[in-house]
Amino acid sequence: MPSEATEAAEPAAPNHVLEFPGGYTRSVGPVIGRFLSELRDGRLVGVRTREGRVLVPPTEYDPDTGEDVTAEFVEVGPAGTVTTWSWVARPGRTHPLDRPFAWALIRPDGADTALLHALDLGVFEVGAEAPRFLKTGMRVRPKWRAERTGAIGDIECFRPEVTMIGAPSRLEYRLKGGRAMDRFLEGVSEGRLIGHRCDVCGQVIVPMKGLCPRDGVPTTEEVELPDTGTVTTYAVNNLPDPRAPEVPFVSAYILLDGAGLTMLALVAGLPADQVRMGMRVRAAWRPREEWGRTMANIKWFEPLDEPDVPFDAIKDYL
Ligand SMILES: [Zn+2]
């Protein structure tokens, strides 16, 4: 049988090394040459076939028909779409990146074929699994090297398109949040409840955070709100709390009149089992001489003698 013959012959197979001392140089021809020259200049080009398709990387012949391609070069991408990929959890010495990455087929925008390149997803732990957001159809862009030589390595790798920003907006939020909270407490020290109106959605945020949580935009326009509002949701607590008058006591989310967001506060002045969603309340302030720069200036909220607000009017603020 052939397999036995192969097995018997195997030990005789030597290892071959093919080496060109000093390097190996050959002409790349006009088509590949144009592709590499454009790469050096920071552009991706393909070549058009007689049937109108755009091949990237370009070839001298249409692989479908064997015909010569046309002389028309077309700039494509540089952004593109991942058409398939293979994860490399443990990169080897000869790999283009020293951390986990994907080999991906990437079809640049405007091209009809895909090119193979490394896709860097910012995973640094060797052996790590492919991140969940790595998917066929993912949008990517090349990371060009500053010094280019006219080789496929002029693109260091592809990277995902930026679709989200994380840390910068978070930092902004915390810095401004501190200032906004200071300003809010300054108001409370004068017996006033101050919020911020968002330029985009128009809602009033109180206590303000310096940022609209709905739109992510900074807020600065101050609005003074009344100290009356509506209980949206609440919890009955059976563990003692130094701020509460008795046990059980009620903590509630209260939508101040005119506000677009609720705030958390105690509710007292009635038995805990009589607190209701939609109940109208007013802030019970401590005596003025006890006021400081603290929310403790408001002891809690007490019931107002007004009809409850229908559930429909508060259901978006729960
Ligand atoms: Zn807003």
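Criteria and cut-off values
Residues numbered from 1 in each chain as written. Predicted model: local features only at pLDDT ≥ 70, side-chain atom pairs only at ≥ 80, totals over all residues. Heavy atoms only, no water. Helix = DSSP H or I, 4+ residues; strand = E, 2+ residues; numbered from the N terminus. Buried < 20%, exposed > 50% of the residue type's maximum accessible area, 1.4 Å probe, protein only. Contact = heavy atoms within 4.5 Å. Donors = N, O, S within 2.8 Å, 3.2 Å for Na, K, Ca; no water. Patch = residues over 30% accessible without salt bridge, like charges linked within 9 Å, V, L, I, M, F, W, Y side chains within 5 Å. Areas by Shrake-Rupley, 256 points an atom, 1.4 Å probe, with all protein chains shown as cover. Salt bridge = Lys/Arg side-chain N within 4 Å of Asp/Glu carboxyl O. Lys, Arg positive; Asp, Glu negative; His and termini not counted. Charge placed at Lys NZ, Arg CZ, Asp CG, Glu CD. Pairing = 2+ DSSP bridges. 1 Å grid on protein atoms, 1.4 Å probe; cavity = no way out; pocket = protein on both sides within 12 Å on 5 of 7 lines; lining within 4 Å. Points joined across faces, edges and corners; volume = space filled by probe spheres on them. Core = buried A, V, L, I, M, F, W, Y, C linked by side-chain atoms within 4.5 Å.

Looking at this structure, how should I read the overall build of the protein?
In terms of helices and strands, the protein carries 4 helices and 16 strands. Taken across its 318 residues, the protein has 35% of its residues classed as buried. Restricting to contacts in the protein with at least 6 residues of sequence separation, those with at least 24 account for 53%.

What's the story with the coordination of the zinc ion in this structure? I'm lost.
For a metal bound by four donors in a tetrahedral arrangement, the ideal donor-metal-donor angle is 109.5 degrees, while six donors in an octahedral arrangement ideally sit at 90 or 180 degrees. Around the zinc ion, the donor atoms from the protein are C198 (SG), C201 (SG), C212 (SG) and D215 (OD), and they sit 1.9 to 2.3 Å away. If you list the donors of the zinc ion from N- to C-terminus, the spacing comes out as C-x2-C-x10-C-x2-D. Of this pair, C198 sits in the loop between β9 (193–197) and β10 (204–205) while C212 sits in the loop between β10 and β11 (221–225); the two residues are 14 residues apart in sequence, bridging distant segments of the chain. C212 shares its class with C198; the two are buried.

What am I meant to see in a negative patch on the surface here?
Among the surface-exposed residues, E51, E60, E67 and D68 lie close enough to one another that they form a single negatively charged patch. Tracing the sequence through the fold places E67 in the loop between β2 (54–55) and β3 (73–76).

What is the right way to look at the sheet that holds β2 in this model?
Hydrogen bonding along the main chain pairs the strands of a sheet, whether they run parallel or antiparallel. Taken in spatial order, the 3 strands line up as β2-β1-β3 in an open sheet, and their pairing is antiparallel. Bordering the open sheet on either side are β2 and β3, each of which pairs with just one other strand. Across 4 bridges, strand β1 (residues 44–48) lies against β3 in antiparallel orientation. When the bridges of β3 are listed, V45 appears paired with E75.

What's the story with the pairing of strand β14 (residues 263–267) in this structure? I'm lost.
When a strand is regular, its side chains alternate between the sheet's two faces. Within β14, 4 of the 5 residues are buried, leaving the element largely enclosed by the surrounding structure. Sheet topology note: the strand β13 (residues 249–256)/β14 ladder contains 5 bridges and is antiparallel. The residue bridging S251 from the neighbouring strand is L266, located in β14. Between β13 and β14, which pair antiparallel one after the other, the connecting turn spans 6 residues, and G258 there sits at a positive phi close to 95°.

Just to check I follow, could you spell out the layout of surface pockets for this structure?
The gaps of empty space that remain are located by a probe, the size of a water molecule, rolled over the atoms. One number sums up the size of the largest pocket: a volume of about 340 Å³. Taken together, 14 residues line the largest pocket, and the ones lying closest to its centre are R243, L264, A265, L266 and I298. Only β13, β14 and β16 (298–303) provide two or more residues apiece to the lining of the largest pocket. The biggest single contributor to the lining of the largest pocket is β16, with 4 residues.

What's the story with the environment of D305 in this structure? I'm lost.
Tracing the sequence through the fold places D305 in the loop between β16 and α4 (311–314). Through-space distance from the C-alpha of D305 to that of M279 is 9.5 Å; in sequence the pair is 26 residues apart.

Whenever I open this one, the nonpolar core confuses me. Can you help?
Formed by 29 residues in total, the largest nonpolar core has its most connected members in I254, L256, V267 and F301. Contact partners of F301, with chain neighbours within four places excluded, come to D227, I254, L256, A265, L266, V267, A268, V281, R282, A283 and A284. Membership of the second largest hydrophobic core comes to 25 residues, among which are L39, W87, I106 and V123.

Sorry if this is basic, but what is going on with the pattern of salt bridges here?
A side chain with one charge can pair with a side chain of the opposite charge if their charged atoms come near. In the structure shown here, the tally under the stated rule is 21 salt bridges. Across the salt bridge formed by R43 and E38, the nearest N and O atoms sit 2.6 Å from each other. Between R99 and D98 there is a salt bridge, with the nearest N and O atoms lying 3.9 Å from each other.

Can you help me understand a nonpolar patch on the surface in this one?
Together, Y234, V236, M277, F311 and L318 give the surface a local cluster of nonpolar side chains, amounting to about 460 Å² of exposed area. Considering the arrangement of structural elements, one finds L318 in the segment after α4. Of the residues examined, L318 reaches a relative accessible area of 51% and is grouped as exposed.

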